[in-house]
2 protein chains.
Amino acid sequence: MRKSFSSRVTLAQVADRAGVSTMTASYTFSRPERVSAASREKVLAAARALGYGGPDPSARSLRRGSAGALGVILGEHLTYAFDDPQARAFLAGVADVCAEQGHAMTILPVVDAGADVARVRAAAVDGYILWTTEDGAPVLDAAIATHRPVVVHGGPAAAGARLVGIDNRAAARAIGQVVFAGATLPAVVSFPLTSARRAQVVAGPDPHGVTFPVTRERLLGLQDAARDVGARWSEVLVAVCSTNDAREGHTMTADLMSRTPRPDALATMSDELASGAVAALDAVGLRMPRDVALTGWDDAEVAHRLGITTVAQSMREQGAACARQILTGTTSDFSDRWQIIRRGSSN
Amino acid sequence: MRKSFSSRVTLAQVADRAGVSTMTASYTFSRPERVSAASREKVLAAARALGYGGPDPSARSLRRGSAGALGVILGEHLTYAFDDPQARAFLAGVADVCAEQGHAMTILPVVDAGADVARVRAAAVDGYILWTTEDGAPVLDAAIATHRPVVVHGGPAAAGARLVGIDNRAAARAIGQVVFAGATLPAVVSFPLTSARRAQVVAGPDPHGVTFPVTRERLLGLQDAARDVGARWSEVLVAVCSTNDAREGHTMTADLMSRTPRPDALATMSDELASGAVAALDAVGLRMPRDVALTGWDDAEVAHRLGITTVAQSMREQGAACARQILTGTTSDFSDRWQIIRRGSSN
DNA sequence: CTGTTAGCGCATTCAA
DNA sequence: TTGAATGCGCTAACAG
């Protein structure tokens, strides 16, 4: 009995028509070299005659025990996720490995708490990659509960999931030491601290209250660095941006620069934010690094163009690493390399 | 017999342990309202005890006859596809509808001719959306051959696939009439004409030689417009960019502006290209629209910021329309609205 | 509300 | 090189 809606042609029908067994027909599509040229021809002719659309992927997945796809869970709506060049580079790395391994890449954007978990559970994928998200994200638990391999990029760490990323705390400490060196009043331009995404300037916030793991680690590292150069964390102003874009960086830096005493060193959490900060400094006639030292993060194009000291890391390589972890069954965390690139924005 | 590699727990095992039939267990997960609270509890407890990961998506897909995912075929590598803001808006539209309908979105980037076709065939999806591609793209034929619904955005049109987009020729003619009005020597800054993507300036190219359907239609419309204002197409210079970015727009426009006689009207195929063109005009001290009239396409943020006359269309809406076509089984083409937005760059 | 039956379409296993 | 049997894990359809 065929599905009425699509009058789907099956392998068995093709085999019948070709006068061979179902297995010969199956082999013709899956392992053609195991079939004689004569049989192959008969099967292909029958397939053509019947309009056979090829082996059904779901049936094949069930039988083979592999879905042939890898799930990528984005912590936010596509519009925001794809606007982040780092996220795009990461996805490109995932896509590279998927293509190389003959897998598809299934995107699971997060939209609303309840339905998201259901979609994660229901996705026909061989494993999940989570793009950096918040502590306690329900989709992470849902992914782990499927017993399929899970890799988290950036964080949060979780039992049952491996972690891929860089040592954000160490990198933040290192770049903090560079940018804060010789400064009187260090400051930070930060990503959001919690999913409330409130833009605000706060003095010496407790990093442990930050629910985004990557941001938390970076803040911890910058706190370390402030200590290293003899600054008091409680006096360090942290301008929290609501989103990672140049405009926010501009606005929040302008706020920072209007304060008295004025900060003279600015560690920002991305080159995007840094580029906005540069514009804000320009606007009030402050020079880098003479008046204010500045650093970014990511080594994006814009950092090169504007001469911003930054932390270089390869998101593309990290994306590829995540995909390989799942497709090759690695079972350990992976910490990627990073490097400080010194340019004119700092000493 | 359980799969050894994962010692997968099945619904039947859960049912056994709970002391109910498999169907009661199945209903507990798929249609919980059809099961008494008592049974539901027993089943959930058994599931917990056994570490059941939830119904297997592939098995469910096979049984239900639907993969629960929608395939999006990108004509190029992710790196390029995602760098295009229009492509991203389109994908966001697709994602919106997928989420709303409880479907996943499976991305199939094109990488190498042979393997791509295989991956398209093997993808467990309920239908395909093709992001604008070239005439005769093998992946389009492969998608159609699966007998699953196929929607092409932009083009090429194909038997067995529906088309979604705007009337590019009509829109191009309309904006061409605006920008070419009163010009002595109209010119065009174009997308690539073929997949060779050669950057070059050519006079009055034959649009029929263009293998990218969207570009072809726009060139045809601009040809119409040139005729409408009494210009000779054979004298219209077309600067063909190799990619859709501001830098290329800048370079090619600079080339155009160095010619004698110098064009005094510039129809560009995107706001990205237009923004580069604006920079090129600035660089040589030419004013818009006095010295050179200029138009873009898409009504992106940058067009608003730079005051560029443009063609407004909603890629997001078109992405959503593509997804709806597949998920709701519409069987007709869909032509979206467009509109000329007049700003200071033209008269 | 619960259970029985009967496959969905394919590929692994083993025998011929 | 080919074929027969079997069941991957689940759920529609129908009885009870």
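The model shown is predicted, which means the values in this text are computed figures rather than measured ones. (Residues numbered from 1 in each chain as written. Chains lettered and ligands numbered in written order. Predicted model: local features only at pLDDT ≥ 70, side-chain atom pairs only at ≥ 80, totals over all residues. Heavy atoms only, no water.)

Caption draft 1: Examining the environment of Ser58 of chain B more closely. Looking at the secondary structure, you find Ser58 of chain B in helix α4 (residues 57–64). A relative accessible area of 9% places Ser58 of chain B in the buried class. Ignoring anything within four residues of it in the chain, the contact list for Ser58 of chain B reads Ser58, Ser61, Leu62, Ala67 and Ala124 of chain A. (Helix = DSSP H or I, 4+ residues; strand = E, 2+ residues; numbered from the N terminus. Buried < 20%, exposed > 50% of the residue type's maximum accessible area, 1.4 Å probe, protein only. Contact = heavy atoms within 4.5 Å.)

Caption draft 2: Up close: the side chain of Asp84 of chain B. Residue and element names in this part refer to chain B. Summarising the element assignment, Asp84 is placed in the loop between α5 (78–81) and α6 (85–100). Put simply, Asp84 is tucked away with no salt bridge, and the nearest opposite charge, on Arg88, sits 6.8 Å away. Other than its neighbours up to four places away in sequence, Asp84 contacts Trp131 and Asn244. (Lys, Arg positive; Asp, Glu negative; His and termini not counted. Salt bridge = Lys/Arg side-chain N within 4 Å of Asp/Glu carboxyl O.)

Caption draft 3: View of the protein's contact with DNA strand C. Neighbouring DNA strand C are 26 residues, the closest being Leu11, Met23, Ser26 and Tyr52 of chain A together with Ser39 of chain B. Of what DNA strand C places within 4 Å of the protein, 59% of the atoms are sugar or phosphate. Between DNA strand C and the protein, one listed contact pairs a phosphate oxygen with a backbone N or O atom of Ser21 of chain B at 3.0 Å. Within the contact set of DNA strand C, a phosphate oxygen lies 2.5 Å away from a side-chain nitrogen or oxygen of Ser39 of chain B. Among the elements of the structure, α2 (22–30) and α4 (57–64) of chain A together with α2 (22–30) and α4 of chain B are those that each provide at least two residues to the surface near DNA strand C. The dominant element in the surface near DNA strand C, judged by the number of residues it contributes, is α2 of chain A, at four residues. For the surface near DNA strand C, the residue count by class is 11 nonpolar, eight polar and seven charged. (Near = heavy atom within 4 Å. Polar contact = N/O pair within 3.5 Å; in protein donor to acceptor, adjacent residues only side chain to side chain. Nonpolar A, V, L, I, M, F, W, Y, C, P; charged D, E, K, R; others polar.)

Caption draft 4: Quick look at the relation of the copies chain A and chain B. Note on the identical chains: chain A maps onto chain B by a rotation of 180° and an axial translation of 0.0 Å, with an RMSD of 0.1 Å. Considering both components of the superposition, the chain copies are consistent with a two-fold axis. Minimal C-alpha distance to the rotation axis in chain A is attained by Thr106 of chain A, lying at 2.0 Å. Comparing interface residues between copies, 100% of those in chain A also lie at the interface in chain B; the contact surface is shared. (Least-squares fit on C-alpha atoms with pLDDT ≥ 70 in both.)

Caption draft 5: Fine view of the interface of chain A and chain B. Every contact between the two is made by 45 residues of chain A and, on the other side, 45 residues of chain B. Contact between chain A and chain B buries roughly 3,300 Å² in total, counting both sides, with carbon and sulfur atoms accounting for 60%. If you sort the residues of chain A by the area they bury against chain B, Pro57, Leu62 and Arg88 of chain A come out on top, with a joint share of 15%. Scanning the region where chain A abuts chain B turns up two salt bridges. Notably, a salt bridge pairs Asp83 of chain A with Arg88 of chain B, separated by 2.9 Å at the nearest N-O pair. In this structure, the connection of chain A to chain B is made through 12 residue pairs in polar contact (both at pLDDT 80 or more). The set of elements that each furnish at least two residues to the side of chain A that touches chain B consists of α4, α5 (78–81), α6 (85–100), β2 (104–109) and α7 (113–122) of chain A. Partitioning the side of chain A that touches chain B into residue classes produces 22 nonpolar, 12 polar and 11 charged. (Buried area = accessible area lost by both parts, 1.4 Å probe.)

Caption draft 6: Spotlight on the protein's contact with DNA strand D. Around DNA strand D, the surrounding shell holds 27 residues, and the nearest of these are Thr24 and Ser39 of chain A together with Leu11, Tyr52 and Arg63 of chain B. For the surface near DNA strand D, the secondary-structure elements that each account for two or more residues are α2 and α4 of chain A together with α2 and α4 of chain B.

Caption draft 7: Region of the structure containing the nonpolar core. Counting 52 residues, the largest nonpolar core has Met105 of chain A together with Met105 of chain B as the members making the most contacts within it. The contacts of Met105 of chain B, once residues within four sequence positions are left out, are Leu78, Met105, Thr106 and Ile107 of chain A together with Leu70, Val72, Leu91, Val94, Ala95 and Cys98 of chain B. Core analysis: the next-biggest nonpolar cluster, separate from the first, contains 45 residues, Ala274, Leu286, Ala293 and Val311 of chain A among them. (Core = buried A, V, L, I, M, F, W, Y, C linked by side-chain atoms within 4.5 Å.)

None of this, on its own, says anything about what the molecule does.
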